[in-house]
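# Observations on chain architecture
So the chains spell out like this:
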Amino acid sequence: MMLLTLGLLEAYDAEDPVPVLMTASSWHPRREHPYTWLARRLVQAAPLPGRPAGVRPRHGDPAGDRGDMCC
């Protein structure tokens, strides 16, 4: 997975989505929707400007609705 991520980063263009390597070890499928988990992990790893660190994203957050994230 690391080599795939590095390969995607080498071919990165400013118009492309940014590849991010994440492990699923902290995801609990019975407690959290995968999009909610992914959004939470992304915010923890790199908080967005204007969104306070620690704000828990919701499934259906506009970022996910735009198709900006894929998993």
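A brief report on the enclosed structure follows. Remember, predicted model here, so these are calculated numbers, not experimental data.

## A few points about the overall build of the protein chain
The helix and strand tally for the protein chain stands at 3 helices and 0 strands. Each helix and strand of the protein chain, placed in order from N terminus to C terminus, yields the pattern α-α-α. The buried share of the protein chain, taken over its 71 residues, is 15%. Roughly 5800 Å² of accessible area belongs to the protein chain as shown, and the carbon and sulfur atoms make up 59% of that amount.

## Quick look at helix H2 (residues 34-45)
Between its terminal C-alpha atoms H2 stretches 16 Å, which fits the 16 Å expected from 12 residues at 1.5 Å a residue. Residues of H2 that are buried include every one of Thr36, Trp37, Leu38, Ala39, Arg40 and Val43, and no others.

## Focus: the environment of Pro19
Note on placement: Pro19 falls in the loop between helix H1 (2-10) and H2. Every residue in contact with Pro19, bar those within four places of it in the chain, is listed here: Thr5, Leu8, Leu9 and Tyr12.

## Side note on the packing of aromatic side chains
Summed over all chains, the structure comprises 1 aromatic pair. Judged by centre distance (6.5 Å) and plane angle (45 degrees), the rings of Trp27 and Trp37 are tilted. Placement of the pair is Trp27 in the loop between H1 and H2 and Trp37 in helix H2, with a sequence separation of 10 residues. Overall, Trp27 belongs to the partly exposed group, its relative accessible area being 29%. According to the relative accessible area criterion, Trp37 is buried, its value standing at 8%.

## Observations concerning a nonpolar patch on the surface
A cluster of nonpolar residues, Met1, Met2, Leu3, Leu4, Leu6, Leu8, Leu9, Tyr12, Val18, Val20 and Leu21, forms a patch on the protein surface that exposes about 1100 Å² of accessible area. Checked against the element boundaries, Val20 lands in the loop between H1 and H2. Since its relative accessible area comes to 47%, Val20 is described here as partly exposed.

Cut-offs and rules
- Residues numbered from 1 in each chain as written.
- Predicted model: local features only at pLDDT ≥ 70, side-chain atom pairs only at ≥ 80, totals over all residues.
- Heavy atoms only, no water.
- Helix = DSSP H or I, 4+ residues; strand = E, 2+ residues; numbered from the N terminus.
- Buried < 20%, exposed > 50% of the residue type's maximum accessible area, 1.4 Å probe, protein only.
- Areas by Shrake-Rupley, 256 points an atom, 1.4 Å probe, with all protein chains shown as cover.
- Expected span 1.5 Å × (residues − 1).
- Contact = heavy atoms within 4.5 Å.
- Phe/Tyr/Trp six-rings, centres within 6.5 Å; stacked < 30°, edge-to-face > 60°.
- Patch = residues over 30% accessible without salt bridge, like charges linked within 9 Å, V, L, I, M, F, W, Y side chains within 5 Å.
- Salt bridge = Lys/Arg side-chain N within 4 Å of Asp/Glu carboxyl O.

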